[in-house]
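Summary of the model geometry
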Amino acid sequence: MLVELTLLVVAELGFVEGVVYEVIAVSFSSKPHPAPIGVRFKDGLFEATIYHDTATYANLKVHPMCTLNVVRSGLLFYDAVYMKHKLRVMREGDYWFLADADAWLGVTVVEESPDRGRSVFKFKPSMLHLSQVKPKPYTRADGALVEMLVHESRIKPYIDSGLLVEAKRLYDLIVHYNELMARIAQNTEYQAYAKAIYESATRRMGELKGG
Ligand SMILES: Cc1cc2nc3c(=O)[nH]c(=O)nc-3n(C[C@H](O)[C@H](O)[C@H](O)COP(=O)(O)O)c2cc1C
C-alpha cells in the first residue's frame, strides 16, 4: 500500500525526492487550521520542520495528523498566513483539507525529533486526493533558479559597461540563491544547475579582479 502511494506521490503529484516543496498544511484542534509549511519527500515519507511556537505544532501534538495541500498560487500562501478565514476548508473522514487545493494528501505523524525550539516530523501518507487540475507542487527552487539566470545574464553587460558596483550586487544575489538552493534542493538537478550558474558568475568576477 505504502509503495503504491509512494509511486503516486511522485508520478501524479510531481514531488521530486530531496526537493523542498511549499504546501499548506491543515491541522486540527477545535477547528481546522491552515498554515504554509515546507515538506521534503524521501523514502516514502514526508519530512517537515515545524516550530514549537506555532498553532500547527500544538495541533499535531493533540491530533498527530494533517493534510498537505498542493497549491500553486503565492496568493493562497499569503491567505494561509494572514487571512486564514478566507480559505475554504472541507472534511473527509478524519481529514480537513482546502477546497481549492489542486491535490491533497492525508498524512499521519510517525516520528518527531525535537531540536531547539522546533521539531522534525516524519509523516506517512495514507490518503491521496487529486482534483481535475494536474497538480504541480510549489518549490522555491524554480523561482531561485530563474532569478539566478536573470542576474547572471546581466553581469557581463554590466562589467563591459564599467558598472562594477551593479555587477557585484547581482553576484551577491547569485551567491545568496546558491546557498538557498543548497538548503532546499541538495543533491538534485536544481542544485547542479545553480552551481553551474554560480561558478560561471564567479569566473566572470574573478576575471575582473585578474584584469
Ligand atoms: C512559504 C512558507 C513556508 C513556511 N514553512 C514553514 C515550515 O516549514 N515550518 C514552520 O514551522 N513554519 C513555516 N512557515 C511559517 C508558518 O506558516 C507561519 O508562521 C504560520 O502562519 C504560523 O503558523 P501557525 O498558524 O501554525 O501558528 C512558512 C511560511 C511560509 C509563508
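Residues numbered from 1 in each chain as written. Predicted model: local features only at pLDDT ≥ 70, side-chain atom pairs only at ≥ 80, totals over all residues. Heavy atoms only, no water.

1. Considerations on the sheet that holds strand 4 (residues 65-70)
One closed barrel holds the 6 strands; their spatial order is 1-2-3-8-7-4, and the pairing between them is antiparallel. Pairwise comparison of adjacent strand axes, ignoring direction, gives a mean angle of 40° for this sheet. Note that strand 7 (residues 103-115) and strand 8 (residues 118-130) share 12 bridges and pair antiparallel. In the sheet register, S113 faces strand 8, and the bridge partner there is V120. (Pairing = 2+ DSSP bridges. Helix = DSSP H or I, 4+ residues; strand = E, 2+ residues; numbered from the N terminus. Axes fitted to C-alpha atoms, helices over the stretch in contact; angles between N-to-C directions.)

2. Quick notes on a nonpolar patch on the surface
Taken together, the side chains of Y78, V81 and Y82 define a hydrophobic patch exposed on the protein surface, amounting to about 350 Å² of accessible area. Along the polypeptide, V81 turns up in helix 3 (residues 74-82). (Patch = residues over 30% accessible without salt bridge, like charges linked within 9 Å, V, L, I, M, F, W, Y side chains within 5 Å. Areas by Shrake-Rupley, 256 points an atom, 1.4 Å probe, with all protein chains shown as cover. Salt bridge = Lys/Arg side-chain N within 4 Å of Asp/Glu carboxyl O.)

3. With respect to the domain arrangement of the chain
Taken domain by domain, the chain consists of domain 1 (2-130) and domain 2 (140-210). Measuring from the centre of the C-alpha atoms in domain 1 to the corresponding centre in domain 2 gives 32 Å. Three residues, V19, V20 and E22, lead the burial of domain 1 against domain 2; their summed loss comes to 66% of the area buried on that side. Applying the counting rule to domain 1 against domain 2 returns 0 salt bridges. On the surface where domain 1 and domain 2 come into contact, there are 2 residue pairs in polar contact (both at pLDDT 80 or more). When the residues that make up the side of domain 1 that touches domain 2 are grouped by side-chain class, the tally is 2 nonpolar, 1 polar and 3 charged. (Domains from an automatic or database assignment. Buried area = accessible area lost by both parts, 1.4 Å probe. Polar contact = N/O pair within 3.5 Å; in protein donor to acceptor, adjacent residues only side chain to side chain. Nonpolar A, V, L, I, M, F, W, Y, C, P; charged D, E, K, R; others polar.)

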